[in-house]
Amino acid sequence: MMRVKLLLSVAILLALSTEIYAQRRSVKNNEDAEETYKSFTSVGITTNTNSGILGGAVFRQSSATGTKMFGKNAYRYLALELVNVKHPKELSTQDFVTGARLVYGKQNYLFVLRPEYGREIALFSRQDDEGISISGILAAGPSLGFEKPYMVQYQGSDGRVTTAPFDPNRAGDIIGAGSFFQGFGKSKVVPGLHIKTAMSFELSAFRDNVTGVEVGFIAEAFSRKITIMADAQNKAFFTSGYLTLYFGSKKR
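Here the residue numbering is sequential within each chain, running from 1 through the sequence in written order. Selection of residues for local features in this predicted model requires a pLDDT of at least 70, selection of side-chain atom pairs for listing and counting requires 80 or more, and totals for whole chains, interfaces and linings are taken over all residues. As a convention, hydrogens and water are excluded, and side-chain values are obtained from all of the structure's heavy atoms.

A. Broad picture of the overall build of the protein. In DSSP terms, a helix is any run of H or I states spanning at least four residues, a strand is any run of E spanning at least two, and both are numbered starting from the N terminus. Of the regular secondary structure elements, the protein holds one helix and 13 strands. Order of helices (α) and strands (β) in the protein, N terminus to C terminus: α-β-β-β-β-β-β-β-β-β-β-β-β-β. Taken over 252 residues, the protein has a buried fraction of 42%. The contact rule is simple, with two residues in contact once any of their heavy atoms fall within 4.5 Å. Intrachain contacts of the protein at a sequence separation of at least 6 include 69% that bridge at least 24 residues. For the accessible areas, the method is Shrake-Rupley and the probe is 1.4 Å, while residue cover comes only from the protein chains on display. When the accessible surface of the protein is totalled, it reaches about 13,800 Å², and 61% of it is carbon and sulfur. Think of it in three bands: with a 1.4 Å probe and only protein chains considered, a residue is buried below 20% of the maximum accessible area for its type, exposed above 50%, and partly exposed in between.

The following block contains the structure:
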């Protein structure tokens, strides 16, 4: 809930800055030339309302199409995201004796790979080396969900400890979580589709090196329900708000 409020606050602040920036742009001299570029490539880290503080990583690229949409310069938008999706009922606990951490009831991780294709429209462009650029983004693509078993440590009656996927029928024997890197070979692929809308704010200090923020909303549907928690309501359709901090460069 706190992350939802944070994302909403950031979106409101950026929207207000957009309005102020647009008003400043309207009074600038027409002799200032707007920034143009052929392509923009960047990488970033993202957080969303269905993840932890670090939700995943993003690669994105925008290329000029040479056309206009609604009177604005249009760009082909390509992106590749890898994110971790969590269940809202996940709660990590720690054993005070052993120090081991465990998300009790967690049955699977959900990692999602999202190739995206869409359009980016330059709503406001920078004036040479000053100001910020603001653009709108609409993109969609397939979603590849990787349902990886959550590995836990079980202690048998003979005292031996083994690591295996979480079994809700064997919960009393759990003494801690297994290694994150275990269980990838038992992952299941669940296909799906997603669509996103976003606003991008480029806050670069130099003309060709860009730092920016992308704030948006994603709706995603899978071919079946994803089992993340054993004793909770799981679903096939997810929505989330997200924020991405990205770094990149432009070619003119």
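There is more to say, and it comes next.
B. Region of the structure containing the environment of Ile132. Tracing the backbone shows Ile132 in the loop between strand 6 (108–124) and strand 7 (133–149). Measuring from C-alpha to C-alpha, the distance between Ile132 and Phe201 comes to 6.8 Å, with 69 residues separating the pair along the chain.

C. Just the sheet that holds strand 13 (residues 235–251), in detail. Reading around the circumference, 1-2-3-6-7-11-12-13 is the order of the eight strands in this closed barrel, with antiparallel pairing throughout. Each strand axis lies, on average, 25° off the axis of its neighbour in the sheet, ignoring direction. Strands pair, by our definition, only if DSSP identifies at least two bridges between them. Relative to strand 13, strand 1 (residues 39–48) runs antiparallel, the two being bridged by 10 bridges. Residue Thr46 lies in a different strand from strand 13, and its bridge partner there is Thr244. Angular values range over 0 to 180 degrees, each being the angle between N-to-C directions of two axes fitted as lines to C-alpha atoms, with helices fitted over their stretch in contact.

D. Geometry of a nonpolar patch on the surface. Patch members must show over 30% relative accessible area and no salt bridge, and they are joined within 9 Å when carrying like charges or within 5 Å when they are nonpolar side chains of Val, Leu, Ile, Met, Phe, Trp or Tyr. Every case where a carboxyl oxygen of Asp or Glu lies within 4 Å of a side-chain nitrogen of Lys or Arg is listed as a salt bridge. Taken together, Ile45, Leu54, Leu245 and Phe247 make up a surface patch of nonpolar side chains, about 380 Å² in accessible area. Its location among the elements puts Ile45 in strand 1. Taking the relative accessible area as the measure of exposure, Ile45 reaches 46% and is therefore partly exposed.

E. How the structure looks around the sheet that holds strand 9 (residues 161–165). In spatial order, the strands read 9-8-10; together these three strands make up an open sheet with antiparallel pairing. Strand pairing shows two members of the sheet lacking a second neighbour, strand 9 and strand 10 (174–177), which therefore form its edges. Strand-to-strand twist across the sheet, computed as the mean angle between neighbouring axes with direction ignored, equals 35°.

F. Region of the structure containing the packing of aromatic side chains. Only Phe, Tyr and Trp rings are paired, with Trp represented by its six-membered ring, and only when their centres lie within 6.5 Å; those with planes under 30 degrees apart are stacked, over 60 edge-to-face, the remainder tilted. For the structure on display, the rule yields 10 aromatic pairs. Taken together, a centroid distance of 5.6 Å and an interplanar angle of 80° make the contact between Phe180 and Phe184 edge-to-face. Residue class for Phe180 comes out partly exposed when judged on its relative accessible area of 35%. What makes Phe184 partly exposed here is its relative accessible area of 40%. Relative to Phe238, the ring of Phe222 lies with its centre 6.0 Å away and its plane at 85°, an arrangement referred to as edge-to-face. A residue pair is termed long-range when its members are at least 10 positions apart, and Phe222 in strand 12 (residues 209–226) and Phe238 in strand 13 qualify at 16 residues. Of the two residues, Phe222 and Phe238, both sit in the buried class. Clustering of aromatic rings is evident, with ring pairs tying together Tyr109, Phe111, Tyr150, Phe180, Phe181 and Phe184. Sitting over a ring, as applied to charges here, requires NZ of Lys or CZ of Arg to be within 6 Å of the ring centre and within 35 degrees of the ring normal. Just above the ring of Tyr109 sits the side chain of Lys106; from NZ or CZ to the centre is 4.7 Å. Across the ring face of Phe184, the terminal group of Lys148 is positioned such that the distance to the ring centre comes to 5.1 Å.

G. Summary view of the environment of Leu138. If you trace the backbone, Leu138 turns up in strand 7. Under the relative-accessibility criterion, Leu138 is labelled partly exposed at 48%. Put simply, Leu138 and Ile121 are 17 residues apart on the chain and 8.8 Å apart in space, counted from C-alpha to C-alpha. For Leu138, the contacting residues outside a window of four places in its chain are Gly118, Arg119, Ile195, Lys196 and Thr197.

H. Fine view of the side chain of Glu220. The topology assignment puts Glu220 in strand 12. Here Glu220 falls in the buried class, since its relative accessible area comes to 2%. In this structure the side chain of Glu220 is engaged in a polar contact, spanning 2.9 Å, whose partner is the side chain of Arg114. Not counting the four nearest positions on each side in its chain, Glu220 is found in contact with Val112, Arg114, Ser143, Leu193, His194, Ala236, Phe237 and Phe238. Whenever two N or O atoms come within 3.5 Å, that pair is a polar contact, provided that in protein one can donate a hydrogen and the other can accept it, and provided that, for residues adjacent in sequence, both atoms are side-chain atoms.

I. The pattern of salt bridges, seen in detail. All chains considered together, the criterion is met by 10 salt bridges. Ionic pairing is found between Lys196 and Glu116, a salt bridge with its closest N-O pair at 3.0 Å. Of this pair, Lys196 sits in strand 11 (residues 188–202) while Glu116 sits in strand 6; the two residues are 80 residues apart in sequence, bridging distant segments of the chain. Between Arg224 and Glu147 there is a salt bridge, with its nearest N and O atoms 2.8 Å apart. One end of the pair, Arg224, is in strand 12; the other, Glu147, is in strand 7, with 77 residues separating them in the sequence. A cluster of three or more residues bridged by salt bridges with shared partners is formed by Arg60, Glu81, Arg114, Glu116, Lys196, Glu214 and Glu220.

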